[in-house]
Amino acid sequence: MKKLLLSVIALAAFTIQTNAQIIVRGISPASIVGNKPFTWADNWGSTPDFNIPGVYVQDTLTLAEDGTPGWDSTVAIPHTKSQEGCSPLINASAVAGKIAVVYRGTCNFSTKALNAQNAGAVAVIIINRDPDPVGMAGGTDGALITIPVVMIGSGPGLDITTAMLAGDVVMFLGNKVGTLANDLVINSEFAKIPVETGTSNLLSDNVFDPAVRAFNFGSTSQPGVSIKLNVNGPGVGGPSVYTNTVAAGAIATGDSAEVVNGGTFSFPTLDMTTLADGEYFLKYTAYSSLGDDDSSDNSYSSSFNVNTNFLSKSKLDANNDPVHTTYPQNTSNPGAYDACMTFTNPAASELMVTGLKFVPSADTSVYDMTGEEIALSIYEWTTPNDETTIVFPPVATVSAYLPGNSINRTSVYQALTYPIGLQDDVVYLVCATSSEISNVVFGYDGDINFDGTINYDILTTSAIQIAGTWYTAGWSGTNALSLALEVAPNTIGLDEGVLLNAVAYPNPTNDELNIRVNAEGTATITFTDLSGKVASTSSMNINNGTATVNTSKLASGAYIANIVTANGASTKINVIKK
């Protein structure tokens, strides 16, 4: 079999971004063929650098055995503890010259790698206990490792170990550039998908600007390259609703061609307002007049959902519930945990938000979710990816109380107290908050991949806050938070008697009260004490959903502020004057 090759081909100039060509791929049998999501030990002492073209390992897999007695039956793939590789291996003759497979367990990743390396393994694959791979610290033995080490999730891990029971399994780990003569590649890192994979047809301005980059990973210049985008639906096998092909010319070895709005090559936009309800499937494909020696990666496919009443980054199922396949909990840190999604649209004022769907997750064998409070909040975000510009207080907040363990890892719906009208081109950050990270986290759609969209649209990130610290890149670009906004045509302020939603701050206040309200223009605000006596009445101007009211003449105490707009929309809020 193929072993580790260094500098398979020397290329004078490489414009390919470093991580695009690094892959972990099943070669055989057919049941495991294809790329697997992975992390790799890129910061350990002497491990090979997969950033270098042609640095890779391709070989047969062998499960490591260290002789430790017992089973670990609490994980996604039950296995003998001996297959965690935490002690010197007892099957060195089987491992030597092969890629060793070990399960994540109680010892450090680098200790597993060192035991496999000492047994003669040419590389190590660690199977995680969770659906997604995680970053790997070098630990005590990291500096001693000289072979590649990667991690894959439990799902691909189960596919691989199942195939190993039937015969040889061959995997490729590393940099594929230059290993084949003709090899055009499109991958998720440079293939844009819609920023909401669940999108509402209530929006009158809702277009998708396709963008993609095709790479020449082969050792031969590729003439006559064409790049195609096709969208079909609704439903599997539905008719094509969009198809366009761009003639991108020749792509030299190690170079790429990009198709993007405003670039040398571009696709027409797709007007999503013309699409009927249902699921749609998009596919980018790169073709060369010379053919392709590896056609498994010259295309990229994804899907999105068009419906009336829900907006989400995650895909939606047939019931318009957010798809959820993974439940990241990469910390045991106590404290609040916010998981968020973003939304903005030039025609957002056509919509009002009436509720939200989210997916709570807990280990119900040790924790009872009954009565757990989940806060749902909608914020304005003036500068996305800068957590200091999240505007407080939120424009809306409501609490959902979980009824019991039966809703674990299912979609939960919570109505807002009052509908919230949205504003055009305002960036909203929508968050679900668990008070204890160690108890309840949230579902993510691990089948959707926003890596490519992040290269073209900043709003695809999923911000999270862990114990008071914001991480605006979220868990990763790959996953999307399983959170959906329920929307309806915006009727706020159009009919008399419609209830507004308002927040007053600071509250308690001194001489000046700020009010955030889903309205515009002139309104009247009346303060009454708890006995119903009117303390003051004045007009206020609402600009961009905010107004300031002078409260210096109010005596200290508790008041009810009644806000009525010029068209009769109204709401009441409690205010404390210091």
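Rules behind the numbers
- Residues numbered from 1 in each chain as written.
- Predicted model: local features only at pLDDT ≥ 70, side-chain atom pairs only at ≥ 80, totals over all residues.
- Heavy atoms only, no water.
- Helix = DSSP H or I, 4+ residues; strand = E, 2+ residues; numbered from the N terminus.
- Buried < 20%, exposed > 50% of the residue type's maximum accessible area, 1.4 Å probe, protein only.
- Areas by Shrake-Rupley, 256 points an atom, 1.4 Å probe, with all protein chains shown as cover.
- Lys, Arg positive; Asp, Glu negative; His and termini not counted.
- Charge placed at Lys NZ, Arg CZ, Asp CG, Glu CD.
- Phe/Tyr/Trp six-rings, centres within 6.5 Å; stacked < 30°, edge-to-face > 60°.
- Core = buried A, V, L, I, M, F, W, Y, C linked by side-chain atoms within 4.5 Å.
- Disulfide = S-S within 2.5 Å.
- Patch = residues over 30% accessible without salt bridge, like charges linked within 9 Å, V, L, I, M, F, W, Y side chains within 5 Å.
- Salt bridge = Lys/Arg side-chain N within 4 Å of Asp/Glu carboxyl O.
- Contact = heavy atoms within 4.5 Å.
- Polar contact = N/O pair within 3.5 Å; in protein donor to acceptor, adjacent residues only side chain to side chain.
- 1 Å grid on protein atoms, 1.4 Å probe; cavity = no way out; pocket = protein on both sides within 12 Å on 5 of 7 lines; lining within 4 Å.
- Points joined across faces, edges and corners; volume = space filled by probe spheres on them.
- Nonpolar A, V, L, I, M, F, W, Y, C, P; charged D, E, K, R; others polar.
- pLDDT = per-residue confidence, 0-100.
- Pairing = 2+ DSSP bridges.
- Axes fitted to C-alpha atoms, helices over the stretch in contact; angles between N-to-C directions.

Next up on the list: the overall build of the chain. Counting its secondary structure elements, the chain contains four helices and 41 strands. By its C-alpha atoms, the chain is 90 × 60 × 40 Å across when sized along the principal axes. Out of the 578 residues belonging to the chain, those deemed buried represent 54%. About 22900 Å² of surface is accessible on the chain, with carbon and sulfur atoms providing 50% of the total. Taken together, the 24 basic and 51 acidic charged side chains of the chain have centroids lying 3 Å from each other.

Enumeration over the complete set of coordinates arrives at ten aromatic pairs. With a centroid separation of 5.1 Å and an interplanar angle of 65°, the aromatic rings of Y379 and F392 are classed as edge-to-face. Residue Y379 is located in strand 25 (residues 373-381), and its partner F392 is located in strand 26 (residues 390-401); the two are separated by 13 residues in the primary sequence. On the basis of an interplanar angle of 85° and a centroid distance of 6.5 Å, the ring pair of F527 and Y559 is categorised as edge-to-face. In this pair, F527 sits in strand 37 (residues 521-529) while Y559 sits in strand 40 (residues 557-565), placing the two residues 32 residues apart along the sequence. Among the residues examined, F527 registers a relative accessible area of 1% and is labelled buried. Taken together through their ring pairs, the aromatic side chains of F190, F215 and F217 make up a single cluster.

With that out of the way, let us pick up the nonpolar core. Counting residues in hydrophobic clusters, the biggest one holds 41 residues, and the most contacted among them are Y337, F358, I374, L376, I378 and F442. I193, A248, Y300 and I448 belong to the second largest nonpolar core, which has 31 residues in total.

The next point concerns the state of the cysteines. For the coordinates displayed, the defined rule picks out two disulfides. The partner cysteine of C86 in its disulfide is C107, sulfur to sulfur 2.1 Å. Because the sign of the S-S torsion sets the handedness, a value of about -85° for the bond joining C86 and C107 places this disulfide among the left-handed ones. With a gap of 21 residues between them, C86 in the loop between strand 6 (79-80) and helix 1 (92-95) and C107 in the loop between strand 7 (99-103) and helix 2 (109-118) connect regions that are remote in the sequence.

This brings us to a negative patch on the surface. On the surface, a cluster of negative charge is contributed by D205, D271, D424 and D425. Turning to its location among the elements, D271 is positioned in strand 18 (residues 270-271). Assessed through its relative accessible area of 33%, D271 is described here as partly exposed.

Quick look at the environment of E258 now. As for its placement among the helices and strands, E258 is situated in strand 17 (residues 256-260). C-alpha separation for the pair E258 and F190, spaced 68 residues apart in sequence, amounts to 8.9 Å. Beyond its immediate chain neighbours, meaning those up to four positions away, E258 contacts V212, R213, F265 and Y456. Side chain to side chain, E258 and R213 meet in a polar contact 3.4 Å long. Among the polar contacts listed, one links the side chain of E258 to the side chain of Y456, at a separation of 2.7 Å.

With that out of the way, let us pick up empty space enclosed by the protein. All told, the structure shown has one cavity of 30 Å³ or more when counted by the stated rule. Considering only enclosed or pocket space, the largest cavity measures out at about 40 Å³ in volume. Along its surface, the largest cavity is lined by V75, I77, H79, Y103, R104, I127, N128 and R129. Among the residues forming the lining of the largest cavity, the class breakdown is four nonpolar, two polar and two charged.

Moving on: the confidence of the model for the chain. Looking at the chain, the pLDDT average stands at 89 and 94% of residues meet or exceed 70. Across the chain, the element-wise mean pLDDT spans from 83 in strand 35 (residues 502-505) up to 98 in strand 7. Here residues 1-18 scores under 50 on pLDDT; set against residues more than four positions off or in separate chains, the count is 52 contacts.

This next bit is on the pattern of salt bridges. Per the stated rule, a full pass over the model turns up nine salt bridges. Across the salt bridge formed by R25 and D294, the nearest N and O atoms sit 2.5 Å from each other. Here D294 lies in the loop between strand 19 (278-287) and strand 20 (299-307) and R25 lies in strand 1 (residues 22-28), a separation of 269 residues in the sequence. Neither residue differs from the other here; R25 and D294 are each classed as buried. A salt bridge links D297 to R25; the nearest nitrogen and oxygen atoms lie 2.8 Å apart. Placement of the pair is D297 in the loop between strand 19 and strand 20 and R25 in strand 1, with a sequence separation of 272 residues.

Next up on the list: the pairing of strand 41 (residues 570-577). Here strand 40 runs beside strand 41; their pairing, made up of eight bridges, is antiparallel. Across the sheet, residue Y559 finds its bridge partner in strand 41, namely V575. The loop that links strand 40 with its antiparallel partner strand 41 comprises four residues; one of these, G568, has a positive phi angle of about 95°.

On to the sheet that holds strand 28 (residues 428-434), then. Pairing within the open sheet is antiparallel, and its six strands lie in the order 26-25-28-22-31-32. Whereas interior strands pair on both sides, the edge strands pair on one side only; in this sheet they are strand 26 and strand 32 (469-471). Going across the sheet, the axis of each strand differs from the next one's by a mean of 20°, ignoring polarity. Of the pairings in the sheet, the one linking strand 22 (residues 337-343) to strand 31 (residues 464-466) comprises three bridges and is antiparallel in character. Its bridge partner lying in strand 31, D338 is registered against Q465.

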